[in-house]
Amino acid sequence: MFTKKGQRLIIILVCLLALITPAFGADPSGAATFEENPDTAINFAWVLICGFLVMSMQAGFALLEAGLTRAKNAANIMMKNMVDFCIGALGYWAIGFALMMGTATGITGLMIGLNGFFLWGDAYDVTTIELWFWQMVFCATAATIVSGAMAERTKFSVYCLASLIVTAFIYPIYGHWMWGGGWLAGLGALDFAGSGVVHAVGGFIALAGAWLVGPRLGKYRKDGTPNGIPGHSITLAILGVFILWFGWFGFNPGSTLAATELRISIIAANTVLAAAAGGIMAMIITWWKFGKPDVPMTGNGVIAGLVAITAGCAWVNPSASVLIGLIAGALVVASVWFIDWKLRIDDPVGAISVHGVCGIWGILALGLLADGTYGEVTGLLYGNAGFMVSQVISAVTVFIWAFGMGAVMFYILKKTVGLRVSDREQIEGLDIGEHGMSAYPDFVPTEPSVKGD
Amino acid sequence: MFTKKGQRLIIILVCLLALITPAFGADPSGAATFEENPDTAINFAWVLICGFLVMSMQAGFALLEAGLTRAKNAANIMMKNMVDFCIGALGYWAIGFALMMGTATGITGLMIGLNGFFLWGDAYDVTTIELWFWQMVFCATAATIVSGAMAERTKFSVYCLASLIVTAFIYPIYGHWMWGGGWLAGLGALDFAGSGVVHAVGGFIALAGAWLVGPRLGKYRKDGTPNGIPGHSITLAILGVFILWFGWFGFNPGSTLAATELRISIIAANTVLAAAAGGIMAMIITWWKFGKPDVPMTGNGVIAGLVAITAGCAWVNPSASVLIGLIAGALVVASVWFIDWKLRIDDPVGAISVHGVCGIWGILALGLLADGTYGEVTGLLYGNAGFMVSQVISAVTVFIWAFGMGAVMFYILKKTVGLRVSDREQIEGLDIGEHGMSAYPDFVPTEPSVKGD
Amino acid sequence: MFTKKGQRLIIILVCLLALITPAFGADPSGAATFEENPDTAINFAWVLICGFLVMSMQAGFALLEAGLTRAKNAANIMMKNMVDFCIGALGYWAIGFALMMGTATGITGLMIGLNGFFLWGDAYDVTTIELWFWQMVFCATAATIVSGAMAERTKFSVYCLASLIVTAFIYPIYGHWMWGGGWLAGLGALDFAGSGVVHAVGGFIALAGAWLVGPRLGKYRKDGTPNGIPGHSITLAILGVFILWFGWFGFNPGSTLAATELRISIIAANTVLAAAAGGIMAMIITWWKFGKPDVPMTGNGVIAGLVAITAGCAWVNPSASVLIGLIAGALVVASVWFIDWKLRIDDPVGAISVHGVCGIWGILALGLLADGTYGEVTGLLYGNAGFMVSQVISAVTVFIWAFGMGAVMFYILKKTVGLRVSDREQIEGLDIGEHGMSAYPDFVPTEPSVKGD
């Protein structure tokens, strides 16, 4: 990636930068903040603990992706999911947070923030850094979604670079438009916990990536019909679903940023109900269609329900959440089929359908079903057409931005470093090719996983 | 299960129902509740976060069950544990919560509650829904206990139906008697976090199920002595124990429903001490008996300690907790042996012993050892014989209710849809038979797991 | 270990002891404590939930160790990690807590505490037991670190005895010096969350143990160069890293013991940044050195960063945390190489490097980089040389104490019960030898894992 000299220079530079951080910011001890409003204690505890749960979703994404793909790529997949969180934390610390939650004057401020780089200066403040922590775990979630759609054939180095670009630029800029005081917020568009900001952004960057990197060897037959490539551990994949579900209880209720907003109980209930409905719907549809309830698809139905309720969880009621989940569960099955058979884009874990398509559904469902009981947010079915229009604009925007920027990024990476590993490496597995190891050396592999497909 | 037309009708119906939810309930925003008592913020945060931990136990149950059974059934087991939580959330939302925590006038109210169905009307309230969330994760725990005892030979469709009946009817009705203002509460019986309400209910429904479904092929020899059928991943099984232990820190301390009850620290300490004592005791006994410390039994000892301390954790002291755990650890070893060798009921994971038998021990231990330092609850050893009598009544009741209703339910299911998969499916594995897949296609299986026993 | 009579006597004794606990302590209900200061509610909730996260690290340690070692020892490793937590909880309840956090008059009090055994008497108090719970999960963490360094050849019974000695004596005494009002605290040495108290203590006991037990069969060739012995599940190992990272968000921010200290947000941010920097640095170094980014070493880099930031997380700024993590990531790679190639001590998981070496670096980094913005703690770079001297003394002390006491303990155990299993047992695997079972009976093992190396 860099010459040795260049690499050393970068490290020395970072070390020096660390020392020039001003030792005093706005309120780095928190004493003044607490004195001003003692409720900040419970709100900080709430946001941080919920943020820890969101961080745990990284493990869920890793297991879901690794479980649904082949044993010969498992170490590579775990590595990607660990490293993208490292890169995301550092990228969002250095650049992303400033672009997203920073401020800027005039028109610029509608597009982008410009202060808080490296959490220097006034950003060395308990409230600012609480917000940084919260937004950082969200940012890393968006990045990790891309991993699954490009699994089993993408170069590790490319994935690292893409993670840095997503967490430092692509995610934060759309994030600024919606959550940082940008133009979408100005239009009145809303996205409570990020069906759009996090999931649709991740899902449509993933669409660009999966499309440009091309399908795995053996995924499509000569006649263009797709082969199923079964995952190597359904146990770990479903453990991943459980961990994601658990972490989502941080993701959605924590997005109040305050436990003093007692609506958190309804948000938690909406979250669990949409997930349950999504899982049941996906199960029933596969049971009808294929005669047997499909395990990975039911897991994807659960996550589809979670993605879809994320935008509206604070503003809809439990019955509407069940409805949102049911539709998400149906959508994800249809979308996985459509992408696999019609678009012929190879998405090993269904990330585009789960996060992209159901993310859009979440944005629209909020515009439709917000019932006006909290924060005076009212949807189309309760008579507010204007809000629905804002939501449609934000849905179109997130698709164009995420897919467009993702396509530009991966196109440039393709023409420079190249996206795909060699066919030989793909057949042998990325564990050997990228990391010189095997994830499971103590077990005898079945033939296909050694020789490819 | 249903005709296609019927299925579609049901879905359309649910969708319509969602829209008629009244948009205004008691306090759906939470503003009035918070203004009335600002402590609700910390109490909501406490209860919700503890509830999230309880939800994570679903992953623990799934891994414990999957790890202690064979690879050929792993996908089916993960699926059961994921879907029973989906069904539990929806069943408890639609019906269970109203029966359990709802109110009713006169004699009816001693037996059953009758409002709050679908969280409609006045139930659309932050406090009511906080309680719903808490009780829902408990309800789903009771349901999932049944899964383990019936593993490796029960039809998936039957398990789905049973989960619905348990979470919508059997669990909530006993729950009403104890926690919803019913007749057991009126008698003075107590069960802090549910040794009886959750664990004994689950454990004795499991007893009925395991008995009626019959043993796995190859479990009993012609002379009636049991074969050990080893689990396929001790690593995942013990990970399951860790996750359950972690989640139990939500289960027990969260049952104060308030962080302003500082007794939570002692509850947490009692929880960890009983679990540790249970594990050590089970380990020592197997070490004595068989010459080597047994790994799955030590794990079951930990969970037995947790189940047994659940009823009394708020009202006993740390030393008594150690004692309760030690006895639970001994009980579980004896009970597993008794059920396996004497009753000849095949319980692959020991769920009946862990949850049923140790649940009863927990109810009685509370009646014996409550020391009067909290809430003026005093047990037999501290001079209060009357309380012990109430506890004995509640122990007898939970056995009769759970085993009786479980037997009725599974008997009807047996005579209608049938409980067991075919012998051939059992030999090939439920992953193929029920879901048309393999959990671990990339690894070469050893002979027994392919051909049965 | 004991004669049968002796064992029975011990159990009866413990049972009797349980009953003589006085039923009334200082404030067992918590009502008086809450009335005096209502903020205790949020602080109790914060400390307990963070403590639950710390407890979850036990699962992380178990998976990391099991994943990085061979399948034939996996059940033994999971068992060790489960049982050391059981023993730690009981040992710290009976003895450890009194020695560490108890008080004593005069010179004695500088060395050791002497009250609170079994949480009897005045220790039956919500505040005391909150502190007990918090310190107990820390104590158990120190104990479990030893497990990894001695994996795959140590007798299970020896490990149980060592866990008891560590949690009842070795850990608590050093802990008293630093956190219980002992002489190191008197000198002005600081260790916010235990880079020294927990990690360096665990890491240097591990050094003594790994040295005295000797290397695994086949680890060193005749010419003294080390063989790599690959782990059996990189997936589970990296899942372990994720769980440890998640749990560390309890470990560090929870060490304020109060959510009213809003510095918790900066502590959480510092924790994630150091971990990310450690992971990236270890990845980059292995990429340079070996041509490919190494997966387990990157995981160890993450944990090295976490260990190193633990002492200073409350007192340094985010940029300094990145620097601390970067250096920890480099240190761990160098140290693993040095211990493997130069000291020729066989540490299967790198525990000595991660916890011992990076623990020392954490203590010194605090002395160097504390920026004076919180609690008036200022390091050498900000002009306070005296504090750095205290930190150096504490670093030397922790090495001498932990390595010295570890060496004494393991030497005595070696000369009495013996540390190592037989060569034959080592070749067959400890799962069979120690527990009479196999962790993965359903999968065909590759040759080396059956026949040894």
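See the structure shown above.
Because the structure is a prediction, the values reported are computed rather than measured.

Observations regarding the interface of chain A and chain B
Often, the extent of an interface is quoted as the loss of accessible area on bringing the components together. Taken together, the contact pairs 71 residues of chain A with 76 residues of chain B. Taken together, the two surfaces of chain A and chain B that pack against each other cover about 5,800 Å², and 81% of this comes from carbon and sulfur. Among the residues of chain A in contact with chain B, Phe 242, Leu 262 and Trp 288 of chain A are the three that bury the most area, contributing 13% of the side total. Between the two partners, chain A and chain B, sit 0 salt bridges. Run the count over chain A and chain B and you get 15 residue pairs in polar contact (both at pLDDT 80 or more). When residues of the side of chain A that touches chain B are traced back to their parent elements, those giving at least two are α3 (40-67), α10 (234-251), α11 (264-290), α12 (295-310) and α13 (318-343) of chain A. Take the side of chain A that touches chain B: its biggest share by element is 16 residues, from α11 of chain A.

Observations concerning the pattern of salt bridges
For the structure on display, the rule yields 18 salt bridges over all chains. The salt bridge involving Asp 340 of chain B is made with Lys 219 of chain B; its shortest N-O contact spans 3.3 Å. Linking Asp 340 of chain B in helix α13 (residues 318-342) with Lys 219 of chain B in the loop between α9 (195-213) and α10 (234-251), this pair joins segments that are 121 residues apart in sequence. Lys 219 of chain B shares its class with Asp 340 of chain B; the two are buried. Taken together, the shared-partner salt bridges connect Arg 70, Glu 152, Arg 216 and Asp 346 of chain A into one network.

Observations regarding the interface of chain B and chain C
Taken together, the 71 residues of chain B in the interface contact 76 residues of chain C. Interface of chain B and chain C: buried area, both sides summed, is about 5,800 Å²; carbon and sulfur atoms make up 81% of it. When the buried surface of chain B facing chain C is broken down by residue, Phe 242, Leu 262 and Trp 288 of chain B rank first, second and third, together holding 13% of it. Across the contact surface, chain B and chain C share 0 salt bridges. Scanning the region where chain B abuts chain C turns up 15 residue pairs in polar contact (both at pLDDT 80 or more). When contributions to the side of chain B that touches chain C are tallied by element, the ones reaching two or more residues are α3 (40-67), α10, α11 (264-290), α12 (295-310) and α13 of chain B. Examining the composition of the side of chain B that touches chain C, we find that 16 residues originate from one element, α11 of chain B, more than from any other. Counted by class, the side of chain B that touches chain C contains 50 nonpolar, 15 polar and 6 charged residues.

So, how was this worked out
Residues numbered from 1 in each chain as written. Chains lettered and ligands numbered in written order. Predicted model: local features only at pLDDT ≥ 70, side-chain atom pairs only at ≥ 80, totals over all residues. Heavy atoms only, no water. Contact = heavy atoms within 4.5 Å. Buried area = accessible area lost by both parts, 1.4 Å probe. Salt bridge = Lys/Arg side-chain N within 4 Å of Asp/Glu carboxyl O. Polar contact = N/O pair within 3.5 Å; in protein donor to acceptor, adjacent residues only side chain to side chain. Helix = DSSP H or I, 4+ residues; strand = E, 2+ residues; numbered from the N terminus. Buried < 20%, exposed > 50% of the residue type's maximum accessible area, 1.4 Å probe, protein only. Nonpolar A, V, L, I, M, F, W, Y, C, P; charged D, E, K, R; others polar.

As far as function goes, none of this settles anything; it's purely spatial.
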